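Coordinates in review
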Amino acid sequence: MAPTTNLALINLFIGDIQGGLGPFLGTWLAESASWSPARVGFVVTLVGFGTLFLSGPFGALVDRFPRPRLLIALACGAILAGTLLLLPARSFPAVLCAQLLAAAGGTLLLPAVASLTLGIVGKDRFPAQQGRNQAFNHIGILVAAGGISLGTGYFGPAIAFWVLGGMAVAAIGATLTTPAGAWNRRRAVGWKEDDADEPERSGLRQVLGNRRLLVLTVALTLFNLGNGGMLSLLGQKLVATAADATTWTARYVMVAQLVMVPVALFAGSLADRRGRRQLLMVAFAVLPVRALMSGLIDDPVWLIAAEVLDGVASGIVGVAVPVVVADLTWGSGRTQTALGSVNAVQGVGGALSSWYGGLSYGLFGWSGAFLALGVPALVALALVIWLDATPEAGRRRRRRERRSPVVQEA
């Protein structure tokens, strides 16, 4: 079996597990333990902040430890254990500890899979392969959501746990059967493969202080502040306003993931032809529209349109972000450290999103909560438009470059 086939299978199976229960967590806790949106948001926020401190170190671990397959398998095991511990959990401490374990595994997965991909296909083929990775990732989520939707009527909301467990075991199997010789450490970090000596890694301050990387990180943090808790909040809204909230949440996940499959493939092919910058602009512009629709529409059938937009935005971001980070840090020996650090900082937005949405609900009701979630994405869009957040020259940089010869002649 070709190594790229293993990559496809790994991403197929980890798609459903890397976020733990994800959007089903709020629905599960609301139905099984009568948790309020504010309480769900609070525990998700605590878990998010708890794993922020792990993201950068986990990225550094992936850069230093030349066994990404083992790291992926360990991450999947942690997610599986943490999620199954949620099944009997009802108290706040039990839910918090189980979610922390699962979230730690999910935090390790992204840089480990990115390193495995880069070490197999190399930098030039990375954008297209990342698009394929994400497409299979979304297919996996779609298959799992379909199983949850069909099985809920027979087994109840607990079916989500068993589907996730099966996917985790399959992901571990696909990872450990990947040919070890297909991955090259130098290829994964941008060093010449035929050199005898190992180059010196760039300093952390030099890599993490890159201005474009900082701008990208701030924009992604704002995007996640609006996006991170939106589907979970929508699931809680359905508990209050519609019947069978778990089934509808599963359907929304299926719709979003179905849209993400072609979007990821399309974004992977466009990343080189049209540039990363334009892709991010589209993703950030879509989120406020989704928030507006989620806030103003109550009919669960018509809310499907909002989740189509979720598929567009999330599909693009999943492809573009690792590619842009690799662009900005290539050859430094710190690519996964940078990716982990970016994930840590943008995780602040994701961690605050559920709390921010729950607090907004308490102040403004359902419509006001969703509108509030759309505001940060507008600021993120402004940053990407007016500042240089990607390797491609932005409007201001192109203007400076046109003016610089005149200044030099003067």
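Residues numbered from 1 in each chain as written. Predicted model: local features only at pLDDT ≥ 70, side-chain atom pairs only at ≥ 80, totals over all residues. Heavy atoms only, no water.

Going by an unreviewed UniProt entry, the protein carries the name MFS-type transporter and comes from Methylobacterium phyllosphaerae.

Our focus in this paragraph is the overall build of the protein. Across its full length, the protein carries 16 helices and 0 strands. When its C-alpha atoms are laid out on the principal axes, the protein stretches across 70 × 50 × 35 Å. Of the contacts formed within the protein by residues at least 6 apart in sequence, a portion of 83% connects residues at least 24 apart. With the model as given, the accessible surface of the protein reaches about 16,400 Å², and the carbon-plus-sulfur share is 65%. The positive charge centre, built from 32 side chains, and the negative charge centre, built from 21, are 4 Å apart in the protein. (Helix = DSSP H or I, 4+ residues; strand = E, 2+ residues; numbered from the N terminus. Contact = heavy atoms within 4.5 Å. Areas by Shrake-Rupley, 256 points an atom, 1.4 Å probe, with all protein chains shown as cover. Lys, Arg positive; Asp, Glu negative; His and termini not counted. Charge placed at Lys NZ, Arg CZ, Asp CG, Glu CD.)

Okay, the side chain of Asn343 next. With respect to the helices and strands, Asn343 occurs in helix H15 (residues 335–386). There is a polar contact of 2.8 Å between the side chain of Asn343 and the side chain of Gln346. With sequence-adjacent residues up to four places away left out, Asn343 is seen in contact with Ser55 and Leu110. (Polar contact = N/O pair within 3.5 Å; in protein donor to acceptor, adjacent residues only side chain to side chain.)

Let's shift gears to the confidence of the model for the protein. Across the protein, the average pLDDT comes to 83, with 90% of residues at or above 70. Of all secondary-structure elements in the protein, the lowest mean pLDDT belongs to helix H16 (residues 395–409), at 54, while helix H1 (residues 3–14) reaches the highest, 92. pLDDT under 50 marks residues 406–410. Its contacts with residues more than four places away, or in other chains, come to 0 contacts. (pLDDT = per-residue confidence, 0-100.)

Looking now at the environment of Trp183. For Trp183, the location among the structural elements is in the loop between helix H7 (159–176) and helix H8 (185–189). Put simply, Trp183 and Pro68 are 115 residues apart on the chain and 9.0 Å apart in space, counted from C-alpha to C-alpha. Once residues within four sequence positions are removed from consideration, Trp183 is found in contact with Pro66, Pro68, Ser115, Leu116, Gly119, Ile120 and Ala188.

Below, the discussion takes up a nonpolar patch on the surface. On the surface, Phe42, Leu46, Trp355, Leu359, Leu363 and Phe364 cluster together to form a nonpolar patch covering roughly 610 Å² of accessible area. For the nonpolar patch, the secondary structure elements donating two or more residues are helix H3 (37–64) and H15. Here the nonpolar patch gets 4 residues from one element, more than from any other, and that element is H15. Residue placement: Leu46 occurs in helix H3. Leu46 gets classed as partly exposed once you look at its relative accessible area, which sits at 32%. (Patch = residues over 30% accessible without salt bridge, like charges linked within 9 Å, V, L, I, M, F, W, Y side chains within 5 Å. Salt bridge = Lys/Arg side-chain N within 4 Å of Asp/Glu carboxyl O. Buried < 20%, exposed > 50% of the residue type's maximum accessible area, 1.4 Å probe, protein only.)

A separate point is the environment of Gly82. Residue placement: Gly82 occurs in helix H4 (residues 68–86). Note on Gly82: relative accessible area 0%, which makes it buried. For the pair Gly82 and Pro3, spaced 79 residues apart in sequence, the C-alpha separation works out to 29 Å. Non-local contacts of Gly82, meaning those with residues more than four positions away in its chain, are made with Ala98, Leu101 and Ala102.

The computed volume of the largest pocket comes to approximately 170 Å³. Lining the largest pocket are Pro66, Arg67, Pro68, Arg69, Leu70, Leu116, Leu176, Thr178, Pro179, Ala180 and Trp183. Looking at which element gives the most residues to the lining of the largest pocket, the answer is H4, with 3 residues. Residue classes in the lining of the largest pocket are distributed as 8 nonpolar, 1 polar and 2 charged. (1 Å grid on protein atoms, 1.4 Å probe; cavity = no way out; pocket = protein on both sides within 12 Å on 5 of 7 lines; lining within 4 Å. Points joined across faces, edges and corners; volume = space filled by probe spheres on them. Nonpolar A, V, L, I, M, F, W, Y, C, P; charged D, E, K, R; others polar.)

Under the definition given, this model contains 4 salt bridges. Where Glu307 meets Arg290, a salt bridge forms, and the shortest distance between an N and an O atom there is 3.3 Å. Of this pair, Glu307 sits in helix H14 (residues 304–329) while Arg290 sits in helix H13 (residues 276–296); the two residues are 17 residues apart in sequence, bridging distant segments of the chain. In this structure, Asp310 engages Arg290 in a salt bridge whose closest nitrogen and oxygen atoms are separated by 3.3 Å. Here the residue Asp310 occupies a position in helix H14, and Arg290 occupies one in helix H13, the gap between them amounting to 20 residues. Asp310 gets classed as buried once you look at its relative accessible area, which sits at 7%.

This model, assessed by the stated rule, comprises 3 aromatic pairs. Taking the centre distance of 5.7 Å and the plane angle of 25° together, the rings of Phe42 and Phe92 count as stacked. Taken together, the residues Phe42 in helix H3 and Phe92 in helix H5 (residues 92–121) connect sequence positions 50 residues apart. Ring geometry for Phe223 versus Phe284: centroids 5.2 Å apart, planes at 35°, classification tilted. Highlighted residues: Phe223 in helix H10 (residues 211–227) and Phe284 in helix H13, separated in sequence by 61 residues. (Phe/Tyr/Trp six-rings, centres within 6.5 Å; stacked < 30°, edge-to-face > 60°.)

It is worth spelling out the environment of Met281 at this point. Among the secondary structure elements, Met281 is positioned in helix H13. A relative accessible area of 26% means that Met281 is categorised as partly exposed. Here the alpha-carbon distance between Met281 and Ile316, two residues 35 residues apart in the chain, equals 9.8 Å. Those residues in contact with Met281 that lie beyond four places of it in its chain are Leu381, Val384 and Ile385.

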